[in-house]
Every structure is written in structure tokens, then in C-alpha cells.
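One letter stands for each residue in the lines below.
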Amino acid sequence: HLCSEIDEVEDLASKMLGQRLVTKQTGPEGKPCNKVFVTERLFLRKETYFAILMDRASGGPMMVASSEGGMDIEGVAAETPELIHNLPVSLEKGPNVEDLKELATKMGFPHEEENAQAVEIMQKLYGLFVEADATLIEVNPLGQSHDGTVYCLDAKLNFDDNAAYRQKETFALRDESQEDPREVEAERSDLNYIGLDGNIGCLVNGAGLAMATMDVIKLNGGDPANFLDLGGGANVDQVTAAFKLLNDDQKVMAILVNIFGGIMRCDIIALGIIKAATELGLQKPIVIRLAGTQVEEARKLIDESGLRMLTTDDLQEAAQRAVRVAEIAKLAKEAHLSVKFDLPL
């Protein structure tokens, strides 16, 4: 919003605060607006785009620039890809000044003074990128005012989570209200979790097996509600926390447990299931597929627990059962019927 009076700023800000902002980045559910940034209005004669990101193909930082800024850069890349310019950067040597001058010229800063300003900004942003352990710095627009001054007018920064221990000041600024609450809760228990839009909760050990499990669910006509990788060193409390996460998710109609016991023992998973069912009062149906280390001990624990669960040795069968049970629960919910899955006999 552009405002010309202070009262107008206050009026617009009051209307924005407390609302949900919906953009292409937020998805249809939007994000809560808790703060409004007010800045000086500049009259621009040029708007460009500049970003630094980690590029898998080149194995290091990549500078991405365009003369077309202040708009949807994805649209520019799709419609006029020739206006997108890439410059891979060596982590050992950093960006070359001559390369930056050429990039600034392609962005629309050919004259000496404006070119020097753009190069200085790019150098400083690269320094920030390295020092702050950033994975993305995106400036859109990198604009030029009517007096020729080049400004960073809007920016987005992402940081490497693995560097949180040495970037404490940066990570202290984290606003959890802008994140998926399920992912925030999972992180507190050191679980690898990504929320999705389906209704079958997945609890798996190993990222590859988790991806395969989601694929099998999709192949059988279902939709996974999450990616959840316990990893190889999960304990009973983490397993319990994982079940709590899935049990509290209103979208989840059924839970599919797929464990291949290697480093992660099957009996630990079984103990976690039993503890979760006992402490949390799990009401959602659980389909379990266990194989590998201590699997017989795990089956014995489940059999002796007195809990009603669907167990199988076959992943395909487990996925089919999870999809069917989730569909029953979904249909009942849509028809406003009560379906109760009591785990204790």
C-alpha cells in the first residue's frame, strides 16, 4: 500500500494486523499478520531483481539477476527466460569484480556510478550470505530512485537450520507463528516432519522408506498427511511424541506405521506405540508393518498389550488397509456420523 498521510498509514495498518495474508508463497491458508513494516516511499525509475542461493548443479552459491524486478520472477523466467542471468560463484574465491560489473550491466546499470553502486551491494550481500550461513538472499526489487541511488527495497532471507548453533542471534528472531505448528512441535522432539494435506498419517524410519511409503499410499488411492522420519536413533519418548503429533492432527483419519528395523529396533517402536496409546488415549486406527531387528519381540509386545491394531508384514497390504480405514472415517465425518476406534479391547 502507498500512503500519503500518517493517518492513512495508521488506518491501513490497523486493518492488516490480525488478518491472514494470502500470497503464492503462503498457500491458500495464508499466514497471520502480526507486524506491519512501514518505510519511506521512494519514486523509482528502475526496478531490478537480484538473488543469491545455493545451487546443487554448480555445487555452490549462484547469483541470479534480471532487469525485470518488482514483479513475479517466476513469471519472468517462464515467459522471458533470456532476461534471467546466472553467475556461479566459487566458495573459495568469492565473486569476481569484473563478473559483477557485467552482471550489473545486464541488470540495467551500465553507467559507471550506478554500476559501482550495484556491484558494492552485490558484494555486501554475498558477504552476508556467507557470514550468516544463508541459503537464500532475494532482493526484489533492487531499485534505483529518481536521483540515481540504488536501494535494496524488499528482501527475503533463508538460513541453514544446521547453522543455528553458531547463528544464535539470527535464529532468536524466529517467529513460530509464521510456521506450521505441527512442524514446530515436531522439531521440539527432534523429529523430521513435513506437514502435507492428506488424511493418512505416516510414521516411518528412514527418509527413503518414508518417501516410498507415501508413494504406495498414493498408488492405492490415498493421500499422506505428512512426511515423518524417526531416523535411526529414536527413543520411546520420541515415538510417543510422533504419535501425539499425528493423533492431534484433525486431518489425520488413520495412521500407517512402516518400520524396517535396522539401527531402529522394532521393539522400541512397539513400546512407543503402547505408551502413546496408554498415555494419549489414541482413538485413531493404526495399521502397522514391521520388519527387521527385534520384530518378533515387537509383535509379542503388541499382542500382549491388549491393543487393537491392524498388523501385516506386507507394505502393499498395509497401505491398502490404511486407505480403506481412512476412507471409512472420512465418509463418516462428512455424514456427521460418529465412528469410534477404541484401541483398548
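Values in this document were obtained by computation on a predicted structure and should not be read as measured data.

A. Expanded view of the environment of Lys106. Summarising the element assignment, Lys106 is placed in helix H3 (residues 97–107). For Lys106, a relative accessible area of 41% corresponds to the partly exposed category. It is 8.1 Å that separates the C-alpha atoms of Lys106 and Ala65, two residues lying 41 residues apart in sequence.

B. Focus on the pattern of salt bridges. Tallied over the entire structure, the rule returns 18 salt bridges. Here Lys244 makes a salt bridge to Asp248, at a shortest N to O gap of 2.8 Å. Of the two residues, Lys244 and Asp248 are both situated in helix H8 (residues 236–248); the distance of 4 residues between them amounts to about one turn of the helix. According to the relative accessible area criterion, Lys244 is partly exposed, its value standing at 39%. What makes Asp248 partly exposed here is its relative accessible area of 44%. One salt bridge connects Arg321 with Glu317, and the closest N-O pair in it is separated by 2.7 Å. Within this pair, Arg321 and its partner Glu317 are both found in helix H11 (residues 315–334), separated by 4 residues, close to a single helical turn. Look at Arg321 and you get partly exposed, because its relative accessible area is 25%. Judged by its relative accessible area of 29%, Glu317 falls in the partly exposed class.

C. How the structure looks around the nonpolar core. With 35 residues, the main nonpolar core has Leu230, Phe243, Val257, Ile269, Ile286 and Leu290 as its most contacted residues. Discounting chain neighbours no more than four positions away, the residues touching Val257 are Leu203, Phe243, Ile269, Ile286, Val287, Ile288 and Arg289. Formed by 23 residues, the second largest nonpolar core is a distinct cluster that contains Ala65, Phe109, Ala118 and Val119.

D. Inspection of unusual backbone geometry at higher detail. Cis geometry is adopted by the peptide bond preceding Pro141, which originates at Asn140 and carries an omega value of 10 degrees. Looking at the element boundaries, Pro141 is found in strand S6 (residues 134–145). Unusually for a residue other than glycine, Asp133 sits at a positive phi of about 55 degrees. Looking at the secondary structure, you find Asp133 in the loop between helix H4 (112–131) and S6. Residue Asp190 is not a glycine yet carries a positive backbone phi of 60 degrees. The residue Asp190 is located in the loop between helix H6 (181–188) and strand S9 (192–195) in this model.

E. Molecular detail of the packing of aromatic side chains. Enumeration according to the criterion identifies 1 aromatic pair in this entry. Aromatic side chains Tyr126 and Phe129 sit 6.4 Å apart centroid to centroid with 20 degrees between the ring planes, which places their arrangement in the stacked category. Here Tyr126 pairs with Phe129, and both are found in helix H4, just 3 residues apart, close to one helical turn. Among the residues examined, Tyr126 registers a relative accessible area of 7% and is labelled buried.

F. Layout of H8. Between its terminal C-alpha atoms H8 stretches 18 Å, which fits the 18 Å expected from 13 residues at 1.5 Å a residue. Residues Gln238, Val239, Thr240, Ala242, Phe243, Leu245, Leu246 and Asn247 constitute the buried set of H8.

G. A look at the pairing of strand S10 (residues 200–204). Taking burial as the measure, the 5 residues of S10 include 5 buried ones, the bulk of the element. Residues Ile200, Cys202 and Val204 of S10 are buried on one face, and the alternating residues Gly201 and Leu203, pointing to the opposite face, are buried as well. With 5 bridges joining them, S10 and strand S12 (residues 254–261) adopt parallel strand pairing. Its bridge partner lying in S12, Gly201 is registered against Ile255.

H. Molecular detail of the environment of Ser145. Looking at the element boundaries, Ser145 is found in strand S6. Leaving out residues up to four positions away in the same chain, Ser145 has contacts with Phe43, Leu44, Arg45 and Tyr151. One polar contact links Ser145 to Asp147, side chain to side chain, over a distance of 2.3 Å.

I. Region of the structure containing the confidence of the model for the protein. Scored by pLDDT, the protein has a mean of 88; 98% of the residues are at 70 or more. Within the protein, H4 carries the highest mean pLDDT (97), whereas helix H9 (residues 266–280) carries the lowest (82).

Calculation notes
- Residues numbered from 1 in each chain as written.
- Predicted model: local features only at pLDDT ≥ 70, side-chain atom pairs only at ≥ 80, totals over all residues.
- Heavy atoms only, no water.
- Helix = DSSP H or I, 4+ residues; strand = E, 2+ residues; numbered from the N terminus.
- Buried < 20%, exposed > 50% of the residue type's maximum accessible area, 1.4 Å probe, protein only.
- Salt bridge = Lys/Arg side-chain N within 4 Å of Asp/Glu carboxyl O.
- Core = buried A, V, L, I, M, F, W, Y, C linked by side-chain atoms within 4.5 Å.
- Contact = heavy atoms within 4.5 Å.
- Phe/Tyr/Trp six-rings, centres within 6.5 Å; stacked < 30°, edge-to-face > 60°.
- Expected span 1.5 Å × (residues − 1).
- Pairing = 2+ DSSP bridges.
- Polar contact = N/O pair within 3.5 Å; in protein donor to acceptor, adjacent residues only side chain to side chain.
- pLDDT = per-residue confidence, 0-100.

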